Amino acid sequence: MSDPRPAVLEVDNVTIKFGGLTALNEVTFDIREGEILGLIGPNGAGKTTCFNVMTGVYQATSGQVRFGGKPLGRMRRHKITQLGIARTFQNIRLFKSMSVLENVMVGADAHSRVGIFDALFRTPRHRRTEAEALARATDLLEVVGIKADHDELASNLSYGDQRRLEIARAMATGPKLLCLDEPAAGFNPAEKLKLMELIRKVRDEGYTVLLIEHDMRLVMGVTDRIVVLEFGQKIAEGTPAEIRDNPAVIAAYLGVDEDDAS
């Protein structure tokens, strides 16, 4: 039976070429409201390129990405953020000389409508907006489990907590879709289990999640549905159980012929 939930984001026959290299070739899939979708594939499969097309870093050579039914086209990245797509990065990008709380409040500023006049003269509107951002940031730090460290410099956090902070900052932009790029990179097994719990908690808070991740155990344990890329093409899509037993996926990861894998 088909999933009745509406698509938050649609990738429709997207191709992207860099000179003579085709990085993505007519890739099509969607992300449905309230789900955790995994985007996986061997190294060089095109996962990050696809991710970057969806978040406005790259422009598709052909095809289209739609968010809430609206084509993203050549929309600038900050406009895409305002529209409701937030992302984290493989390499953590925090303001390490700012506090944990300040980092999250920077994310909240993405939707601020307070102008220069309001900020200079600390108008009632500015004070109200600042108080709302502070409350929102504090709530998000509690969601990701680092509220007690709100006054710490971001640089003083452990590696795992810096990852949590980056997720909180992305959530502070108020996204309809939260895109996590290799969030488990550098984690030990215990940290990965905690990350799985956090991703489920984020979804339960009402977010739709796109997860790009190398760790197959994590992906299989947390996603509702998985899309698999190889050499820039989609080779499979389905539930974790369907993907686990798919001969094309086994062949892609193990480097064997599909006939041997089946």
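Please refer to the structure higher up on the page.
On a predicted model such as this, the values are computed, not experimentally measured, just so you know.

A look at the nonpolar core
Among the nonpolar cores identified, the biggest contains 45 residues, and Leu165, Ile167, Met171 and Ile199 are the most heavily contacted of them. The element best represented in this core is helix 5 (residues 124-144), accounting for 6 residues. Residues lining this core come from more than one domain, with at least three contributed by each of domain 1 (1-84 + 175-262) and domain 2 (96-172). Aside from chain neighbours lying at most four places away, what touches Leu165 is Leu94, Val100, Asn103, Val104, Leu141, Ile146, Ala154 and Leu157.

Let's talk about the sheet that holds strand 10 (residues 233-238)
If you walk across this open sheet you meet the 6 strands as 6-7-8-3-9-10, and the pairing is mixed. The sheet terminates laterally at strand 6 (85-87) and strand 10, the two strands that pair on one side only. Within this sheet the neighbouring strands show an average axis-to-axis angle of 20 degrees, counted without direction. Alignment of strand 3 (residues 36-40) against strand 9 (residues 225-230), held across 4 bridges, turns out to be parallel.

A few points about the sheet that holds strand 5 (residues 70-71)
Ordered by their spatial adjacency, 4 strands build an open sheet running 2-1-4-5, and the pairing between neighbours is antiparallel. Strands at the two margins of the open sheet, each flanked by one partner only, are strand 2 (21-32) and strand 5. Bridge count for strand 4 (residues 62-67) against strand 5 is 2 bridges, and the pairing is antiparallel. Bridge pairing in strand 5 links Arg66 to Pro71.

Observations regarding the pairing of strand 1 (residues 7-18)
With 8 bridges joining them, strand 1 and strand 2 adopt antiparallel strand pairing. The partner of Ile16 across the bridge, within strand 2, is Leu24. The hairpin turn running from strand 1 into strand 2, its antiparallel successor, is 2 residues long, and Gly19 in that turn takes a positive phi close to 65 degrees. Summarising the sheet, strand 1 and strand 4 pair through 5 bridges and their orientation is antiparallel. Across the sheet, residue Asp12 finds its bridge partner in strand 4, namely Gln64.

Calculation criteria
Residues numbered from 1 in each chain as written. Predicted model: local features only at pLDDT ≥ 70, side-chain atom pairs only at ≥ 80, totals over all residues. Heavy atoms only, no water. Core = buried A, V, L, I, M, F, W, Y, C linked by side-chain atoms within 4.5 Å. Buried < 20%, exposed > 50% of the residue type's maximum accessible area, 1.4 Å probe, protein only. Helix = DSSP H or I, 4+ residues; strand = E, 2+ residues; numbered from the N terminus. Domains from an automatic or database assignment. Contact = heavy atoms within 4.5 Å. Pairing = 2+ DSSP bridges. Axes fitted to C-alpha atoms, helices over the stretch in contact; angles between N-to-C directions.

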